[in-house]
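Secondary and tertiary structure notes
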Amino acid sequence: MAVRTQTLERVAPQEPRKPATHYVSIFLRSLLLCVVGLILFTPFILAALGTFKSNAEIIRFPPTFFPAEWQVENWPRLWNTDLGNGGTFPRWLLNTAFLSVTTAILQVIFCSMAAYAFSRLEFPGRDVIFNFMLATLMIPTAITLIPAYVLMTKLRLINTFWSLIFPGAIAAGNIFLLTQFFKSVPKDLEEAAFIDGASYMEIYRNVIIPLARPALLTVFILQFQAMWNNFLQPLLYLNSADKYVLNVALSIFQQQFKAQWNLTLVGAMFNAIPVMILFFIFSRYYIEGIAYTGIKG
Amino acid sequence: MATVTNEPSAAPSRRTLMAVLSFLVVFIVLMTIALFNAPTMGGPRVMATVETYLTEVRRTALPFLGAVALLAIVLGLAAARVVYREWPNPKRRTNLIMGYLFLAPYLLITLTFTVGVVLFALYISFTNYDIFSPPQWAGLANYARAFQEKNFLQGLHNVLWYSLLVVPTQTAAAILLAVLLNSQNRFKQFFRTIFYAPSVTSSVVITLIFMWFYLRTGYINYFISNFLGTFGVEWKNINWLGDPRGLIQLIVQAFGGDIPSDQWYLRGPSIALMAIMFQNVFTTAPTFMIMFLAALQDINPALYEAASLDGANGWHRFWKITVPLLRPIILLVVVLGTIGTLQIFDQVYLATQGGPLGTSLTPVYVLYQEALGTEGPIQMGYAAAMAFILAVLIFFFTFLQRRFIERETQLY
Amino acid sequence: MKSLSKLLALLFIGVMLLAACAPATTPTEAPATVAPATEPATEAPMTEAPTEAPTGEVPVTGSCPLPVEEGATIVFSGWGDETEQQIYRDSIERFGSVCPGVTVDYQPVPTEFQDKLKAQMAGGTAPDVFYIDDQLMTAFVPTGQLLALDPYMEEAGVSSDDFIPALMTIFTQDGQTYALPKDWGTLGLVYLPAAFEAAGIDEPTDDWTWEDMRAAAQAIADTGTYGGFCMGPDWARFAPFVFSNGGAFASEDNTTATLDTPEVKEMANFVAEMKEEGSLVTPSDVGATWCGEAIGLELVGMTTEGGWMVNFMKQTYPDVEWKAVQIPAGPVTRADVIFTNGIGVNAATEFPNAAAALAMYLTSAENQAEIVNTGFAYSTHPEQADLVQDPNDLAISGGGLLPDTRVAYWGPSTGAVNTAVSQALERVFLGDQDVDTAFAQAQEEAQAALGGGR
């Protein structure tokens with residue numbers, strides 16, 4: 001069973017009845033893109049520029065855009081911190097990367113399995129479990145903070161990475177996301193495959209997964225980012241300096257609200273840049289992916 | 001019900017066997033979870049041996065175990081009944097087994113780490129519990145207290161306004177951004193990354209940046225006053241995050257009236273709260289945008305071609321083709337948005353701590369203080385009650401949303 | 001698709017490989033990292049202290065406060081930024097030379113310390129020795145999570161009287177001591193000489209009263225270049241006003257709130273009037289996030305801030321000249337508010353002697369002197385008050401030793417009472433309510449909290 005595919009073609013432009021408005025609309029669209037992009041990107045630029053300023057300059061009014069003097073020493077200063085007990089910057093970077101990649105991959109696998117069950121299979125208890133899953137999103141973390149910690153101690157997972165990987169291997173929100181995506185994939189292909197005698201597992205692997213690629217990539221990116229930015233759980237569950245994640249280690253340089261802004265911003269950059277790079281790379285597969293045209297053409 | 005089986009006459013007992021087995025499995029799993037999640041202290045001393053732990057459990061957690069046992073029996077019976085009913089029919093049996101097989105990773109993890117905690121929280125909401133002593137039964141007292149406490153009620157008020165204004169805005173913004181991004185061919189990757197930037201920077205940093213923007217002497221006032229200055233309109237610098245004047249109050253004030261302090265619930269969302277709303281939309285719209293972007297890829301371009309041949313313009317195509325096909329994702333974004341906005345906490349914790357005048361209090365912020373004892377003794381039970389009231393509210397809203405938005409796509 | 005999964009696989013493998021190749025974690029031991037000698041001239045003040053100490057209570061260098069258990073390993077935790085962490089690492093090293101055979105694992109928690117400690121305590125994995133503040137006292141003492149230190153103190157010859165009296169109020173309950181104060185802070189009158197020059201008035205002195213301050217604030221505000229006196233709607237900044245008028249937020253036994261008493265309301269009216277006449281501004285009025293920043297940005301003439309101004313100004317606004325004097329006096333007396341934190345011991349510790357020894361050493365006169373020299377905090381021993389080197393710091397710290405100075409501690413619901421005061425001030429400053437209504441409401445809220453919010 002072959003799925004006819006073709007790379008995404010752009011919608012043919014309207015017949016050139018009014019060429020002027022056509023080009024005007026393209027121009028307007030590009031302008032809009034640039035303006036919106038600028039607005040959305042400005043805080044990021046300001047944060048990046050702020051990393052090269054001195055603390056006093058950052059909080060000055062009227063605010064300056066470019067730093068008066070480019071202080072490049074903030075970046076190496078953060079990179080070279082050593083808190084003893086093996087707590088060094090490269091180590092923290094590694095810990096965070098390891099946790100983020102692992103949980104992201106696990107989630108793509110496990111969440112898509114669950115979403116397939118919710119969206120395509122019929123079995124008793126499906127809706128109850130689905131509703132329960134959604135309900136778990138509605139319990140705020142503050143309540144579960146201490147009980148979850150106590151549970152971790154009973155399971156003897158404190159100060160191990162498992163305490164973050166196990167719970168991080170699924171997320172109700174991502175399952176919900178994938179369920180909605182799978183629901184919007186037309187059933188024709190599956191039914192064809194079914195008639196051809198494919199098992200559920202084969203359909204899952206060969207039909208659903210390729211078609212849901214943009215959604216799966218979305219889940220990967222979202223979970224990577226979630227774990228990368230996770231703060232409270234690693235703070236509670238990891239005790240020794242060599243196990244810290246980036247966020248936790250960087251908060252050492254903050255003095256609560258009287259923050260050393262420039263160092264805080266360097267920390268923010270370390271947090272943001274890898275995710276941006278990841279997103280940039282993956283978004284190519286994300287969009288210029290395979291879209292199928294449907295069997296009936 | 002035709003029982004087409006391959007088994008010899010052992011069929012009925014096989015059925016019963018599987019039914020009994022499933023009852024036992026459900027019961028044992030739930031009780032194990034309860035045992036591990038019992039409201040006891042943890043740690044090496046308590047967990048040293050099985051006996052020490054069981055003694056601890058006996059000390060504090062017997063009522064809890066009793067309650068869970070009841071639940072486990074009910075669920076076990078339901079499971080047994082289902083298995084008994086479905087087992088003989090091979091197709092439905094396969095469905096059942098495959099269904100749960102695919103759900104297995106999710107179920108295992110959730111049963112270990114989430115279910116127990118939720119059960120614990122539910123039980124605790126009916127008790128007074130300070131973590132270190134056994135829970136004291138309190139019935140509905142915590143729930144009654146929540147509805148009488150001004151902080152919690154004000155939090156509910158604030159958060160309902162918040163959700164009302166933010167969810168439609170961020171959904172609409174996300175769709176528009178996605179459509180805008182999707183229509184451009186060159187530099188697509190580049191622009192996509194740029195548009196996504198606000199969601200990528202950690203929320204702590206974005207909050208700090210906005211706090212800086214919102215200062216009386218900050219950028220936002222600066223730009224607005226310059227912008228309005230070119231029209232000759234004067235602008236008085238607002239201390240955005242410290243301004244308690246409500247939306248409705250401002251409208252009333254424009255007509256010369258005012259709303260007194262003890263009728264705070266009539267004032268509408270405050271300027272401070274709305275400033276946080278704006279920041280929120282700014283940071284969450286891009287995340288939802290990428291979901292819409294992914295969904296837009298699945299729309300068959302042939303549909304657009306056909307429509308434009310029929311004479312539909314861009315606007316028509318958007319409303320008649322794109323939006324309906326995006327329905328499941330719109331539901332996703334609206335539901336996730338509702339859940340997120342009704343539980344807003346981080347920004348309040350960092351930027352306003354519930355001020356000014358309690359106009360940015362949220363239920364989660366209030367219950368955080370009680371659950372972790374930041375203003376007085378730890379009152380876990382009271383916090384749990386507030387959490388469940390909030391959860392019921394959220395569930396109610398999202399249930400309505402799912403009914404309303406998705407009712408037509410079932411026929412897809 | 002193939003190239004994508006290849007990419008993912010590569011990513012995964014790459015991360016795994018790097019993780020495997022990373023240096024193995026070093027087992028945690030007593031700080032093997034030699035702390036670089038940072039304290040300048042540590043010797044001189046050391047020799048000065050004993051000669052000025054009235055009772056010579058300084059423990060002999062070189063002996064452990066208590067006989068410790070063999071091979072004890074204890075975990076010590078607290079909050080703090082780099083500076084504080086380094087200071088405590090140095091203190092632990094000194095402890096190690098005095099009590100060899102005890103291994104201390106220092107696990108600082110950068111933020112959310114109270115939350116983490118409560119979780120750890122619930123989970124039974126809490127450290128042996130840790131910082132204590134009033135919030136933690138409330139959480140742990142009623143249920144017996146903290147070790148009563150009195151028997152250990154007696155054995156080591158350490159008494160509560162060694163410490164500044166006001167500091168011990170938080171850490172003592174039912175006659176038992178549960179923590180020893182490790183440092184403290186207080187407020188002084190911080191000002192910009194430039195502002196006074198611009199207004200043509202004399203700079204403040206240690207004899208000032210709040211009325212003097214008000215007059216000066218008015219004069220400075222009239223110059224138009226500087227705001228007068230900066231004060232946020234904050235219970236901590238309001239407390240000195242109340243204490244100096246002979247008032248308090250609650251009764252002696254912490255069962256009744258006293259927020260609607262004349263003592264409190266007089267001072268509330270005082271600051272409210274100052275706000276109205278324009279001599280008092282809040283940080284957000286002038287575009288700062290806190291009053292210290294307002295001074296640094298040279299937006300206001302005066303404010304009340306604490307010893308942290310020294311390092312803050314040095315690091316962030318080194319070119320701004322500022323000075324400090326003691327907190328002004330009120331109608332009844334001169335009194336200040338003290339903030340303090342202590343060091344306590346987990347009741348479930350396996351090595352009570354070692355843990356108590358660490359707690360006592362960190363708060364001992366010897367160690368406190370070292371800490372004062374770094375300019376980080378004041379010593380908790382009254383006889384070491386003049387070890388403070390920076391003159392501004394010294395002036396501010398004077399407020400802590402006044403006889404009527406006290407901690408703003410009102411029992412387990414301290415947080416709620418203080419918040420009620422802050423919120424009342426906020427309502428007054430924003431013009432939402434007048435003083436009487438605002439404080440009547442605060443009185444209700446505080447009383448509800450004190451009367452047992454159960």
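Keep in mind it's a predicted model, so treat the numbers as computed, not measured. (Residues numbered from 1 in each chain as written. Chains lettered and ligands numbered in written order. Predicted model: local features only at pLDDT ≥ 70, side-chain atom pairs only at ≥ 80, totals over all residues. Heavy atoms only, no water.)

1. So, the overall build of chain A
Tallying secondary structure elements over chain A gives 14 helices and 2 strands in all. Evaluated residue by residue, chain A yields a buried proportion of 60% over its 297 residues. Long-range contacts, defined here as pairs at least 24 residues apart, represent 75% of the contacts in chain A between residues at least 6 apart. When the accessible surface of chain A is summed, it comes to about 12,300 Å², and 64% of that surface belongs to carbon and sulfur atoms. (Helix = DSSP H or I, 4+ residues; strand = E, 2+ residues; numbered from the N terminus. Buried < 20%, exposed > 50% of the residue type's maximum accessible area, 1.4 Å probe, protein only. Contact = heavy atoms within 4.5 Å. Areas by Shrake-Rupley, 256 points an atom, 1.4 Å probe, with all protein chains shown as cover.)

2. Re the overall build of chain C
Summing up its helical and strand segments, chain C has 19 helices and 13 strands in all. Looking at chain C residue by residue over its 454 residues, the buried ones come to 57%. Of the contacts formed within chain C by residues at least 6 apart in sequence, a portion of 74% connects residues at least 24 apart. Total accessible area computed for chain C in this model is approximately 17,400 Å², and 54% of it derives from carbon and sulfur atoms.

3. Things to note about the domain arrangement of chain C
All names here are of chain C. Taken as a whole, chain C is organised into domain 1 (17-24 + 42-185 + 339-401) and domain 2 (187-335 + 413-450). The centre of domain 1, based on its C-alpha atoms, is set 31 Å off from the matching centre of domain 2. Residue-level contacts link 11 residues of domain 1 with 17 residues of domain 2. Both sides of the domain 1 and domain 2 interface together cover about 1,100 Å² of buried area, and 62% of this is carbon and sulfur. (Domains from an automatic or database assignment. Buried area = accessible area lost by both parts, 1.4 Å probe.)

4. Considering the environment of C:Asp183
Residues and elements named next belong to chain C. Within the secondary structure layout, Asp183 lies in strand β6 (residues 179-186). Taking the relative accessible area as the measure of exposure, Asp183 reaches 10% and is therefore buried. Residues in contact with Asp183, not counting those within four places in the same chain, are Tyr88, Phe339, Thr340, Asn341, Phe376, Ala377, Tyr378 and Thr380. A polar contact is formed between the side chain of Asp183 and the side chain of Lys182, at a distance of 2.8 Å. (Polar contact = N/O pair within 3.5 Å; in protein donor to acceptor, adjacent residues only side chain to side chain.)

5. Focus: the interface of chain B and chain A
Every contact between the two is made by 111 residues of chain B and, on the other side, 107 residues of chain A. Together, the buried faces of chain B and chain A total about 9,700 Å²; carbon and sulfur atoms form 75% of this surface. Put simply, chain B and chain A have 0 salt bridges between them. Linking chain B to chain A there are 12 residue pairs in polar contact (both at pLDDT 80 or more). Of the residues that constitute the side of chain B that touches chain A, the class distribution is 76 nonpolar, 27 polar and 8 charged. (Salt bridge = Lys/Arg side-chain N within 4 Å of Asp/Glu carboxyl O. Nonpolar A, V, L, I, M, F, W, Y, C, P; charged D, E, K, R; others polar.)

6. Considerations on the sheet that holds strand β9 (residues 280-281) of chain C
Residues and elements named next belong to chain C. Taking strand neighbours across the sheet as the criterion, the 5 strands line up as β9-β8-β10-β7-β11 in an open arrangement whose pairing is mixed. Strands with a single pairing partner mark the edges of an open sheet, and in this sheet they are β9 and β11 (323-325). Two strands pair when backbone bridges link them, and strand β7 (residues 188-191) and strand β10 (residues 300-305) are joined in this way by 4 bridges, in the antiparallel orientation. Paired with Leu189 across the bridge in β10 is Thr304. (Pairing = 2+ DSSP bridges.)

7. Focus on the state of the cysteines
All names here are of chain C. Under the definition given, this model contains 2 disulfides over all chains. A sulfur-sulfur separation of 1.6 Å characterises the disulfide bridge that pairs Cys64 with Cys99. Taking the torsion about the sulfur-sulfur bond, which here is approximately 100°, the covalent link between Cys64 and Cys99 counts as right-handed. On the criterion of sequence distance, the pair formed by Cys64 in the loop between α2 (43-52) and β1 (72-77) and Cys99 in the loop between α3 (82-98) and β2 (102-106) is long-range, its members being 35 residues apart. (Disulfide = S-S within 2.5 Å.)

8. A look at the pattern of salt bridges
Side-chain pairing between opposite charges can occur once the charged atoms of the two side chains come close. For the structure shown, the criterion picks out 18 salt bridges over all chains. Here C:Asp183 makes a salt bridge to C:Lys182, at a shortest N to O gap of 2.8 Å. Judged by relative accessible area, which is 1%, C:Lys182 ranks as buried. Put simply, C:Lys323 and C:Glu203 hold a salt bridge, and the shortest N to O gap is 3.3 Å. Residue C:Lys323 is found in strand β11, and its partner C:Glu203 is found in the loop between α8 (193-199) and α9 (210-223); the two are separated by 120 residues along the sequence. For C:Glu203, a relative accessible area of 30% puts it in the partly exposed group. What you see here is one network of salt bridges that share partners, running through B:Arg85, B:Glu86 and B:Arg92.

9. Some details on the confidence of the model for chain C
Residue and element names in this part refer to chain C. On average, residues of chain C carry a pLDDT of 84, and 86% of them reach 70 or more. Note that residues 18-60 has pLDDT below 50 and, in this model, 45 contacts with residues that lie over four places away or in other chains. This complex was scored by the predictor with a pTM of 0.85 and an ipTM of 0.85. (pLDDT = per-residue confidence, 0-100.)

10. Looking at the nonpolar core
Soluble globular proteins tend to bury their nonpolar side chains together. C:Phe76 and C:Phe238 are the most contacted members of the largest nonpolar core, which totals 376 residues. In terms of residues, this core owes the most to one element, helix α12 (residues 271-297) of chain B, which gives 17 residues. (Core = buried A, V, L, I, M, F, W, Y, C linked by side-chain atoms within 4.5 Å.)

11. As for the packing of aromatic side chains
Considering all chains together, one arrives at 68 aromatic pairs over all chains under this definition. Ring geometry for C:Phe196 versus C:Trp208: centroids 6.3 Å apart, planes at 55°, classification tilted. Linking C:Phe196 in helix α8 with C:Trp208 in the loop between α8 and α9, this pair joins segments that are 12 residues apart in sequence. Of the two residues examined, C:Phe196 and C:Trp208, each falls in the buried class. One aromatic cluster is present, built from ring pairs that chain together B:Phe210, B:Phe213, B:Tyr214, B:Trp235, B:Trp240, B:Phe278 and B:Phe282. Lying across the ring of C:Tyr131, C:Lys182 places its NZ or CZ 4.2 Å from the centre. (Phe/Tyr/Trp six-rings, centres within 6.5 Å; stacked < 30°, edge-to-face > 60°. Lys NZ or Arg CZ within 6 Å of the ring centre and 35° of its normal.)

12. Things to note about helix α6 (residues 141-154) of chain A
Since one α-helical turn is 3.6 residues long, residues separated by three or four positions face the same way. Residues and elements named next belong to chain A. The first and last C-alpha atoms of α6 sit 19 Å apart over 14 residues, in line with the 20 Å expected at 1.5 Å per residue. Largest kink in α6: about 25°, centred on Pro147. For α6, the tally of buried residues reaches 13 of 14 residues, placing the bulk of the element in the interior. After α6 finishes, the residue Arg156 shows a positive phi value of roughly 60°. (Expected span 1.5 Å × (residues − 1). Bend = angle between axes of the 7 residues up to and from the residue.)

13. Quick notes on the interface of chain C and chain B
Facing the 35 residues of chain C at the interface are 33 residues of chain B. Taken together, both faces of the contact between chain C and chain B bury some 2,500 Å²; the carbon and sulfur share is 51%. Seen at the junction of chain C and chain B, the total is 2 salt bridges. For C:Asp432, the salt bridge identified is with B:Arg267, shortest N-O distance 3.2 Å. Elements represented by at least two residues in the side of chain C that touches chain B include exactly α4 (113-123), α5 (134-140), α12 (283-286) and α18 (414-429) of chain C. Top contributing element to the side of chain C that touches chain B by residue count: α18(C), with 6 residues.

14. With respect to the side chain of B:Ser199
On the secondary structure map, B:Ser199 appears in helix α8 (residues 188-200). We classify B:Ser199 as buried; its relative accessible area is 9%. Polar contacts involving the side chain of B:Ser199 include one to the main-chain carbonyl oxygen of B:Thr283, which spans 2.6 Å. A polar atom in the side chain of B:Ser199 sits 2.8 Å from the side chain of B:Thr287. Here B:Ser199 is in contact with A:Gln225, B:Thr283, B:Thr284, B:Pro286 and B:Thr287, once residues within four sequence places are set aside.

15. Focus: the side chain of B:Ser125
Residue and element names in this part refer to chain B. Inspection of the secondary structure puts Ser125 in the loop between α5 (90-124) and β1 (127-128). Judged by relative accessible area, which is 0%, Ser125 ranks as buried. Of note is the side chain of Ser125, whose polar atom sits 2.7 Å from the backbone oxygen of Leu122. When residues no more than four places from it in sequence are discounted, the contact partners of Ser125 are Gly139, Asn142, Tyr143, Gly381, Ala384, Ala385 and Phe388.

16. Focus on the pairing of β6(C)
For a regular strand, side-chain orientation follows a simple rule: the groups alternate between the two sheet faces. All names here are of chain C. Burial of β6 is extensive: 8 of the 8 residues sit out of reach of the surface. Bridge count for β6 against strand β12 (residues 337-345) is 7 bridges, and the pairing is antiparallel. Bridging across to β12, Leu180 finds its partner in Ile343.

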